[in-house]
Every structure is written in C-alpha cells, then in structure tokens.
Amino acid sequence: MNSYLEIKNITKRFGDFTALHEVSLAVEKGEFVTFLGPSGSGKTTTLMIIAGFEKATSGDVLVQGQSLSGLAPYQRNIGIVFQNYALFPHKTAADNVYFPLQMRGYGRGEGLEKAAEMLDLVGLKGFGDRYPKELSGGQQQRVALARALVFEPSLLLLDEPLGALDKNLREQMQIEIKRIQRRLGVTTVFVTHDQSEAMSMSDRIVVFEQGRIQQAASPLDVYHRPKTRFVAGFVGESNLIPARITDAAAGKADSPVLGNCEVKANGAADGQDVTLLIRPEHIRLSREPVDGRKNARMQVDTIVNYGDNALVMGRVGDLNMRARVLGRDVIILEEGDECCISWLPESVFVIEQ
Amino acid sequence: MNRLMRILGVLVVIFIAAPLVIVVPMSFSDARSLQFPPPGYWLGYYYAFFNDWGWLRPTWNSIIIAAATMVLTMILVVPATFALVRYRFYGKSVADLMMMMPLAVPHIVMAVGYYSFLGDLRLVHTHFGVILAHTCLAVPIAFLVLSANLKGFDRTLERAAQSLGASPVRTFMHVTLPILRPGIMISALFAFIQSFDETVVAIFISGRNAETLPRKMFDSIRQEADPVIAVISTLLFAVVILALVAPAGWKSIRKRLRSKTPPAAILGSQ
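Residues numbered from 1 in each chain as written. Chains lettered and ligands numbered in written order. Predicted model: local features only at pLDDT ≥ 70, side-chain atom pairs only at ≥ 80, totals over all residues. Heavy atoms only, no water.

The next point concerns the pattern of salt bridges. All names here are of chain A. Under the defined criterion, the tally for this structure stands at 23 salt bridges over all chains. The partner of Glu176 in a salt bridge is Arg179, with the nearest N and O atoms 3.2 Å apart. Of this pair, Glu176 and Arg179 both sit in helix α5 (residues 167–184), separated by three residues, roughly a single helical turn. (Salt bridge = Lys/Arg side-chain N within 4 Å of Asp/Glu carboxyl O. Helix = DSSP H or I, 4+ residues; strand = E, 2+ residues; numbered from the N terminus.)

Residue and element names in this part refer to chain A. According to the domain assignment, chain A consists of domain 1 (5–229) and domain 2 (237–351). Here domain 1 and domain 2 have C-alpha centroids that lie 39 Å from each other. If you look at the interface, domain 1 gives eight residues, while domain 2 gives eight residues. Note on domain 1 versus domain 2: buried area summed over both sides is about 710 Å², and carbon and sulfur give 55% of it. Contact with domain 2 buries area across many residues of domain 1, yet Tyr223, Pro226 and Arg229 alone supply 72% of it, more than any other trio. At the junction of domain 1 and domain 2, the tally comes to zero salt bridges. Taken together, domain 1 and domain 2 are joined by three residue pairs in polar contact (both at pLDDT 80 or more). When its residues are assigned to classes, the side of domain 1 that touches domain 2 shows three nonpolar, two polar and three charged. (Domains from an automatic or database assignment. Contact = heavy atoms within 4.5 Å. Buried area = accessible area lost by both parts, 1.4 Å probe. Polar contact = N/O pair within 3.5 Å; in protein donor to acceptor, adjacent residues only side chain to side chain. Nonpolar A, V, L, I, M, F, W, Y, C, P; charged D, E, K, R; others polar.)

Residue and element names in this part refer to chain B. At a closest axis distance of 6 Å, the pairing of helix α3 (residues 53–86) and helix α6 (residues 127–151) adopts a crossing angle of 40°. Relative to α6, the element α3 is oriented oblique. For the element pair α3 and α6, the recorded crossing hand is right-handed. (Axes fitted to C-alpha atoms, helices over the stretch in contact; angles between N-to-C directions. Parallel < 35°, antiparallel > 145°, perpendicular 65-115°, else oblique. Left-handed = near helix turned anticlockwise from the far one by under 90°.)

Time to look at a nonpolar patch on the surface. On the surface, Leu20, Phe237, Val240, Ile241, Leu244 and Val245 of chain B cluster together to form a nonpolar patch covering roughly 500 Å² of accessible area. Among the elements that take part in the nonpolar patch, helix α11 (residues 228–260) of chain B stands out by supplying five residues, more than any other. (Patch = residues over 30% accessible without salt bridge, like charges linked within 9 Å, V, L, I, M, F, W, Y side chains within 5 Å. Areas by Shrake-Rupley, 256 points an atom, 1.4 Å probe, with all protein chains shown as cover.)

In structure tokens:
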C-alpha cells in the first residue's frame, strides 16, 4: 500500500556537511503534516528537495507512486507559499493568482474568473486589482496562498509563512490556513520552528534535529509521549530527570535526586538508564507533602507571574525544576521559600533515549 | 545646527543650478557672442541652429552614435551582468576588474589608444569607430547601474514562478525581465547619455565625417564663441528634464486609467 507522498531514504550532503541522514516519511492524502525543528535541523532542506529546488544526494520523493526526481520544479505541480510570500510586485493580486493558470494555458477570461473565485475563498473578494505593495502583510499572505492553490496542486508546501506576521494576525492566519486546507483537502507540508503553531495546526508533527527525524506522530503524542529527550525539550516546557529502571514489571525507577519513583516503564528494561519527563503543568505546589502523590522539596528561585498562570522555577537537590500553576496558587509563595512539589505517578513519562 | 545644514544645502543647490541660470537666458540673447547678462532677447540663435547644417549634421551624428552605442552596450551588458552577479566562475574577479577599467583610465589615455588602434583598422573618422569606442566607455556605467538592480532582485520570485509552472525561459520573460525593466531602461539611458556627452574621444577619432555635437561645440567655442552653443545647451537640458519627468507622468496617467477600469474586468466579464 503506497502512501500519497513518500520520502524515501533522503540524504543530502553539502561538501563535508551532511544536512539530512536517510530521512524517510510517508504522508497520506489530505494530511496536514508539520516539519518542526530548530534552524539547521534539515526541515527546510527536506521541503526544498520535495519542491525540486535542492537535489538529494541520494534517495527519492514519490507522489502517488511517481518519482519526482527527474522533474524540474516547474513540472512538479506543487504549490509553495514562501516565507516572504514572493508575490510578483509588477502584477496585481488577481494577475498573481492567474499566473499559474496562464502557465498552464488558460485563457485570460477563464483564468481571471478562477483567480477571483480563489481570492474569494481566501477572504479577499474585491482586492483583485490591488498591487502587492498596496496590501497588508496578512493580505499578501492570503494572495500567496490563493496563488499556490488555484492550480489544484498535488501538494501544498508552506515554508514558515507566518514568521513575518505579528502575534494576533498569526493566530488568525493559523485558523484560516487550516480552514482552507480542510475545505480543499490538499495534502500539506508546513515548515515551522514554532512549536505552538505546529501543535495547533497539524494532523501530524515531524520533529527534525540535526538532519534526522526524531519523531513523527500526532501533536498530542509528540507532547505527551515524546520519543527522545530532544523532542521532550523542544516541544513545550519540560522537566527532564535522569533515572534508572529498577523493576520494569512493577513500574519502579530510581532517580539520584528524587529517590524511588513509580513509573510506567514503556518497554524499558530493568537496569536501563532513562529520562523521566514531567510536564510543568502536572506539578502541584503545596506547603506540606500530599498523600497519593510523589512529593519532593523544592527551593524556589524565580516566580514569573502571568496573571492567569505562573511559572515557578527552582531546584530539587541540584536539579532545576519548573512548575506551571494557576495564578492564584502562587500567592502562598515567595522567591527564596522552600515548598513541596508533587505529581501523580501517571504524569511521569519514561523516555528511553 | 539644523539651520546651518539647511543653508549649506541651499548653497549647494544654487552652485549646481547656477550654470543653467546663466546658460538658459544666454540662449535667448541677441548679443553677437556669449555674454551675461544678455543685452536683449530674441529667438534668432534658435532659428540659426535649426537652419544650419553645420550644426544639424553633428546633432544627427550624435543621436545615431548614441543610439547605436546604447543598443550595443545593452547587448553586451545585460548578459554580462547576469553572469557576473549571479555566477561564480574561474577568472570572475579579473572580468569584474576589466569591466570597470575604462572608468579608472583617463579618457585622454583611452582616446590616444583608440586613435592608434582604430587607425590600424581604418575605423578612425567613421561612425562605427566612434560607436565602438563609446561602447567601451559606456559599458562600465551601464554595468554599475544594472548590477545594483540585479543584486537587489529577490530570487525567491524566480523560484515562486517556477513552482507555479513557469519554465526558466518563461520565468525570465514573465518575472525577471519585467521587474528589472526600469533598471535596464535607466542603464540604457546612462549608456546613451555617456555617448552623447563624450567629448575627448570624439575629438580624437570622430573627424569630419562622424563629427559629434560636443566636438562641434568645442571647436565652435574655441573659434568664435557662437551663442548657438547656449541654444544647444538649453535644448539638451530640456530633453534631460523631459526624460526625467516622463516616467513619473506616464505612471500617474496609467494609475488614473487603471482606477477607471471597473473591477468587472477582474471578475472575468470578457
């Protein structure tokens, strides 16, 4: 059974530097997949290889079972929204959207009609005769999206398209892009380094680091069941605690700082060194130890109050810990205090790597 | 401080504009030679200019030579600029230097060189000879203007065009060229002006046959200080002003036309 988009063992070398190591991924039709990772992790390189602007040193990209490797970018029928939108400054919005149709031999009348429909879909009805420089950043973004979609591409690639927008507009565009993508059912690859963007938009997140895929899973899986320390640290806030499994069957681990912990071993073997992940929002603060929870004493260093919630940072032994609690729960504390932090055994996730 | 700068600015403007203030009234003067302020005004020297083949022929020569220089320069400079700005190749820095050389070498030195070199080719005193020499002088200037434009060109636009289905040739025709068009036009304009203005090389090699306007003016001012020179200067100044104002005027006309087109055209009512 072939997937819609298949990336097979792609390796990319720039001289001595290997940007991608044997990257493989399968994407289903209609799926919204996000490539997430820090800059230089290989996510954009992978995107450019799919688009045809970079050539893989080895490996192949297939769409519907057909290899793209022999095709030039203009033969691939892939829509791309670039980081800076790349709208043609000498063409109106309507002519920008008409351009891919023009290249496909559409007449001007029919082409502009289709372009107008697409501009309507992205919420820019009546803006067709404006030039790009007469449009706001968000509007330019929408034109770029309409232009990348109007020719019914086999894939839509988005290269950090929201980076240049301010926070409110960014959130609005996240919802818009998602809506349009669902409506058209186009298979989409979205590249970002913003983990909240990845969480809110994707069907699946592919986490890149140093040219390798660390994990490819649903947003909730990536968040709650990260496969590696890197994923746990990169997606969301985390407390990462080194430990060793003492009894996998009974769910027991030993940590140099926290002592014995109850965990679910997740397939880790007895005696294996692991990392325990506890998300800061799963930690509770109290004056005294709480029954039924694992307790530890924390020296509070810093309290950052956001109003509705607060971030409490401190140390347990020589281990830095952070807890995210409701704003009102932090009133009992002051920086420099010692308090009790506690969590439920099921809040602990064991990372093998 | 601010005030001082402003006064300085005004002084600079006056200093630059002063020759014009003198030349334009002198062209309407009825004095027998160049004289300022003019004792009286008439259009006699304009009449003289337009009725004297001694003046019209060099004018025509200059226009032909400048136009041909412009075309030849652009044929050479457009591909050269793309190569030098976008690609790395063996000997690139040497090529860069050679492009700029005519700017650094004094014109008089170039002129002596052309005189003997073109003499061997029997091209001295011909239009073609002057065109070749002027092209050498225009190339670095056209290259400087165009390369600045090309360096500022966002290549993502070309990638976008290709992702949208445009082959490299169509990308060039539909995206690269139209966006660079103003830069290419300014570059061509500079090539034209470079040739039209050039005096030193023209004095050496243009001879009687291909005599250019600046050469004729130089000869004339040496011999008789004919006020027709002021007429020509004024006319040239008017042409330059027109060339500068025309694009802006054209733009505003187009904008007005565009705003009158109803959005129905965009909705595909053709």
